[in-house]
Amino acid sequence: MRANLRNVTGAIRAKRANVVGEMPHWEQLRDLGAALKDDTLADLPDRLLQLERSVQARGGQVHWARDAREARDLVALIAEQHAVTELIKVKSITSDEIELNLALEERGIHAVETDLAELIVQLSKDSPSHILVPAIHRNRAEIQELFNTELPGEGQLSDDPAALAGAARRYLRQKFLTTKMAVSGVNFAVAETGTVCVVESEGNGRMCVTLPEVLVSIMGIEKVLEKVEDLSVFMELLPRSSTAERMNPYNSFWTGVTPGDGPQEFHLILLDNGRTNVLADEFGRQTLRCIRCSACLNVCPVYERAGGHAYGSVYPGPIGAILTPQLLGMYDKNANTLPGASSLCGACYDVCPVKINIPQVLIYLRSEANVQKGLTAEALAMKGMKFVMAEGWRFEGALKLARVGQGPLVRGDAITSLPGLLGGWTQSRDLQPLPKEGFREWWKRRGQEPAAASGEADTSSESKERV
Amino acid sequence: MHIDLFLTCVNDALFPQTGQATVRLLERLGHTVGFNPRQTCCGQMHLNTGYRDDALDLARKFVGDFRDAEVVVMPSGSCAAMVRELYPQAAQWAGDEALLREMEALAPRVFELSEFLVNRLGVTDVGAYYPHRVTYHPTCHAMRGLRVGDAPLRLLRQVRGMTLLELAGAEECCGFGGTFAVKNPDVSAAMLTDKTRHILDTGAEACTAGDNSCLLHIGGGLSRLRSGTRTVHLAEILASTEQEVYA
């Protein structure tokens, strides 16, 4: 799995650097993207009400969902009203967030994923492991085997990518042409006009938002933009950051309904599901700028080694590590460990097209999580360390004690095994022992020696005697 | 110029030679160096592990210890980034306006060693001699936090007798990350494995960097592999001369 991840993220990373490099004003564009998002978030209630009015004025229907359950119920209700037992879906991580497919299945409605990678994940009863490349953890041989068992009527397929894609295409085409209802996510929605936008690479999304009679789009409330012209900024930032393309192959925009053309019924579900809590936190709020490009996943050394499933959250990688705990709350046992899953190397911040300072939010959330955890052994150890560090003489004394105390641990010239909480260190690395003389002792000794003492005041120390 | 040295707790405890080298180097360049023995730790470990209040206590102490300094120089990119970037942020999180103002006043006078030499003093040739094959690992906090850019490389390129070898995947994190290395040992070790492999591939005798925390981790990995390749802090290379090799 690590090899698959390294290959794919490495390739996207290199391509991204290229297409970003050819934009001379990339930094200003990032600033603009961040500022536009921040402005919209600052007026979010007004923008959403404006969006609602615009969508309704163009013949669409708007629904508000406080949480996942309300959103799932809304989709199921619309499906049931149209007696639909199967619907098609455009890849949408928001729908994964609310566990839509499972909820629909329980009510006898089968949702068919139409994005190729999502289809692979769905057919293998797996879950997505990347925001943009959900089946990143699967290789070609695994997909060949899967299609040979799950796509009947295709015979024995070879592992040729074109043959595999062809089989999926034939399967999906039949679904596009016969299914009455579709569910999509939303990349952006424009408050001014009520225009909703989905960008994708395969054309399946375009099929889903144009062919069925009924279209339901689910959007996190942070996806709203104020004006149509704002789209131009994000249409530059998003594809270059996500798929490392200058433009997405398919950019679909629709506004309400048009009689005789496209879906004749359009529902827009505005999903909160914890987002207003994130908005209320002035330091965590920048997380809501996220446009789900996944650039942070592709550069993250932790994601590359651990894979998306290790996060135990629908939003993996660096963005997931800050978004999930904020959406779910710090009391969630898995979510509150996620901010710890980073070495704080900062690569994610450098590539984020809307300049979310992920490392800083991670640090902020670690403190929030610790407050929730209360007085743990780690918290006590930290308090002890702080007590020692609060005075220079205490630290000096502690170092002297440690020099004596480390004796039993030193093997040759290294410590190869540490006890307790610190054992993780020596699992794969040696630790060098404390030196016989610390810097402080050296500094004092040096100050006491006559030659050095006179040298201290002498700015031209060229001829100074070395200690 | 009178320079206040902030040694950092890791150097104080484990790498006195880095502090000695920093002092000698700065003195050789004609400056006086002071060491306030009250200093301890910048609080980075506390803040990064999520103990904001404890970190702020140590941050207040740092500000108190160095309030009157003309410049504070430290042989550590991550501690410099902590003081300059994260102190103000942590003060904001705590809503301490007075502390925030003090930190913002101090921040422009705080430097990591290589950026101090190159950007503040305008020196790239410090008269160093170091007859070894060396590769350089840019540490995350210096590179992405402080934006020291190629300052360390410009210094290293002027070192006489030294062969500077290019490191593949140089900009990728070594996997240390403070308590991350202890809390997520498997992922940290996987990152370290790639880093040490790339270092060994260069054929270098030593890997250098501006941060002993990263070098402690990388050096620990190289030691476990019994590779014979060492780690050495940038300051020790820069302090070395034909008369005296410090590292």
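Remember, predicted model here, so these are calculated numbers, not experimental data.

Time to look at the domain arrangement of chain B. Residue and element names in this part refer to chain B. Domain boundaries assigned for chain B yield domain 1 (2-120) and domain 2 (133-245). Centre-to-centre, using C-alpha coordinates, domain 1 lies 21 Å away from domain 2. Each side of the interface is counted separately: domain 1 has 27 residues, and domain 2 has 24 residues. Surface buried jointly by domain 1 and domain 2 totals about 2,000 Å² across both partners, of which 65% is contributed by carbon and sulfur atoms. Among the residues of domain 1 in contact with domain 2, Arg28, Ser114 and Val118 are the three that bury the most area, contributing 21% of the side total. On inspection of domain 1 and its partner domain 2, the count reaches 0 salt bridges. The interface formed by domain 1 and domain 2 includes 10 residue pairs in polar contact (both at pLDDT 80 or more). When contributions to the side of domain 1 that touches domain 2 are tallied by element, the ones reaching two or more residues are helix H1 (9-14), helix H2 (16-28), helix H3 (44-49), helix H5 (77-94) and helix H7 (113-120). For the side of domain 1 that touches domain 2, the residue count by class is 12 nonpolar, 10 polar and 5 charged.

In this assembly, 67 residues from chain A lie in contact with 74 residues from chain B. Between the two partners, chain A and chain B, sit 14 salt bridges. Between Glu172(B) and Arg13(A) there is a salt bridge, with its nearest N and O atoms 3.5 Å apart. At the boundary of chain A with chain B, the tally comes to 38 residue pairs in polar contact (both at pLDDT 80 or more). Elements supplying a minimum of two residues to the side of chain A that touches chain B: helix H1 (2-21), helix H14 (301-306), helix H16 (347-351), helix H17 (358-373), helix H18 (377-389), helix H19 (392-405), helix H20 (423-426) and helix H21 (439-448) of chain A. Residue classes in the side of chain A that touches chain B are distributed as 28 nonpolar, 18 polar and 21 charged.

All names here are of chain B. If you walk across this open sheet you meet the 4 strands as S6-S5-S7-S8, and the pairing is parallel. Two strands bound the open sheet, and with one partner strand each, they are strand S6 (163-165) and strand S8 (230-233). Strand-to-strand twist of the sheet, defined as the mean angle between neighbouring strand axes without regard to direction, takes the value 35 degrees. In the sheet, strand S5 (residues 133-136) pairs with strand S7 (residues 206-209) via 3 bridges, with the strands oriented parallel. In the strand pairing of S7, Tyr136 is matched with Thr208.

The residue Ala390(A) is located in the loop between H18 and H19 in this model. Sequence separation of Ala390(A) and Ala83(A) is 307 residues, and the distance between their C-alpha atoms is 69 Å. Other than its neighbours up to four places away in sequence, Ala390(A) contacts Leu58(B) and Lys61(B).

Residues and elements named next belong to chain A. Inspection of the entire model under this criterion finds 17 aromatic pairs over all chains. With a centroid separation of 5.3 Å and an interplanar angle of 45 degrees, the aromatic rings of Phe439 and Trp442 are classed as tilted. Here the residue Phe439 and the residue Trp442 both occupy positions in helix H21, the gap between them amounting to 3 residues, near one helical turn. With relative accessibility at 3%, the residue Trp442 sits in the buried group. If you follow Arg394 out to its NZ or CZ, it ends over the ring of Phe387, 3.9 Å from the centre. Between the NZ or CZ atom of Arg429 and the centre of the ring of Trp425, over which it lies, the distance is 4.6 Å.

As recorded in UniProt, the sites labelled "domain: LUD" (unreviewed entry) are residues 50-270 of chain A. Annotation note: span residues 50-270 of chain A, helix share 41%, strand share 21%, distance between end C-alpha atoms 13 Å.

Before going further, it helps to spend a moment on the pattern of salt bridges. Per the stated rule, a full pass over the model turns up 49 salt bridges over all chains. Arg246(A) is paired through a salt bridge with Glu22(A); the nearest N and O atoms lie 2.5 Å apart. On the criterion of sequence distance, the pair formed by Arg246(A) in the loop between helix H11 (230-242) and strand S9 (250-255) and Glu22(A) in the loop between H1 and helix H2 (26-42) is long-range, its members being 224 residues apart. Residue class for Glu22(A) comes out partly exposed when judged on its relative accessible area of 37%. Here Glu115(B) makes a salt bridge to Arg84(B), at a shortest N to O gap of 2.7 Å.

Scanning all chains against the criterion turns up 0 disulfides over all chains. Cys345(A) supplies the cysteine sulfur nearest to Cys300(A), a cysteine that is in no disulfide, at a spacing of 6.5 Å. Judged by relative accessible area, which is 11%, Cys300(A) ranks as buried. Here Cys79(B) is not cross-linked by a disulfide; its sulfur's nearest cysteine counterpart is in Cys42(B), at 3.9 Å. We classify Cys79(B) as buried; its relative accessible area is 9%.

All names here are of chain B. For the pair helix H11 (residues 185-202) and helix H12 (residues 212-224), the least separation of the axes is 10 Å and the interaxial angle reads 75 degrees. As far as their axial angle goes, H12 and H11 are roughly perpendicular. Residue-level inspection shows Ser188, Leu192, Lys195, Thr196, Ile199 and Leu200 of H11 in contact with H12, the latter providing His217, Ile218, Gly221 and Leu222. Taken together, the residues that form the contact of H11 with H12 break down as 5 nonpolar, 4 polar and 1 charged.

A separate point is the pairing of strand S7 (residues 214-220) of chain A. Residue and element names in this part refer to chain A. Judged by how many residues are buried, S7 sits mostly within the fold: 7 of 7 residues are covered. Inspection of the sheet shows strand S4 (residues 181-184) paired to S7 by 4 bridges, in the parallel sense. Along S7, the bridge assignment pairs Ser184 with Ser217. The sheet contact formed by S7 and strand S10 (residues 265-271) spans 7 bridges and is parallel. By the bridge assignment for S10, Met219 is matched with Leu270.

Once that is clear, we can look at the domain arrangement of chain A. Along its sequence, chain A is organised into domain 1 (1-273), domain 2 (291-372) and domain 3 (381-438). On a C-alpha basis, the centroid separation for the pair domain 1 of chain A and domain 3 of chain A is 52 Å.

Our focus in this paragraph is the confidence of the model for chain A. Predicted confidence across chain A gives a mean pLDDT of 92, with 96% of residues reaching 70 or more. Taken as a whole, residues 451-467 of chain A scores under 50 in pLDDT and shows 29 contacts with residues more than four places along the chain or in a different chain.

A residue-level look at chain B finds 99% of positions with pLDDT of 70 or above and a mean pLDDT of 96. Interface confidence for the predicted complex, given as ipTM, is 0.95, next to a pTM of 0.93.

With that settled, consider the nonpolar core. Here is a general trend for soluble globular proteins: nonpolar side chains tend to be buried in one another's company. Leu51(A), Phe147(A), Phe188(A), Phe234(A), Leu268(A), Phe62(B) and Met74(B) are the most contacted members of the largest nonpolar core, which has 135 residues in total. Here Leu268(A) is in contact with Leu51(A), Val55(A), Gln61(A), Val62(A), His63(A), Val186(A), Val196(A), Ser217(A) and Met219(A), once residues within four sequence places are set aside. By size, the runner-up hydrophobic cluster in this structure holds 37 residues, among which are Leu25(B), Phe116(B), Leu117(B) and Val126(B).

Definitions and limits used
Residues numbered from 1 in each chain as written. Chains lettered and ligands numbered in written order. Predicted model: local features only at pLDDT ≥ 70, side-chain atom pairs only at ≥ 80, totals over all residues. Heavy atoms only, no water. Domains from an automatic or database assignment. Contact = heavy atoms within 4.5 Å. Buried area = accessible area lost by both parts, 1.4 Å probe. Salt bridge = Lys/Arg side-chain N within 4 Å of Asp/Glu carboxyl O. Polar contact = N/O pair within 3.5 Å; in protein donor to acceptor, adjacent residues only side chain to side chain. Helix = DSSP H or I, 4+ residues; strand = E, 2+ residues; numbered from the N terminus. Nonpolar A, V, L, I, M, F, W, Y, C, P; charged D, E, K, R; others polar. Pairing = 2+ DSSP bridges. Axes fitted to C-alpha atoms, helices over the stretch in contact; angles between N-to-C directions. Phe/Tyr/Trp six-rings, centres within 6.5 Å; stacked < 30°, edge-to-face > 60°. Buried < 20%, exposed > 50% of the residue type's maximum accessible area, 1.4 Å probe, protein only. Lys NZ or Arg CZ within 6 Å of the ring centre and 35° of its normal. UniProt positions renumbered as here; feature names shortened; annotations may be inferred. Disulfide = S-S within 2.5 Å. Parallel < 35°, antiparallel > 145°, perpendicular 65-115°, else oblique. pLDDT = per-residue confidence, 0-100. Core = buried A, V, L, I, M, F, W, Y, C linked by side-chain atoms within 4.5 Å.

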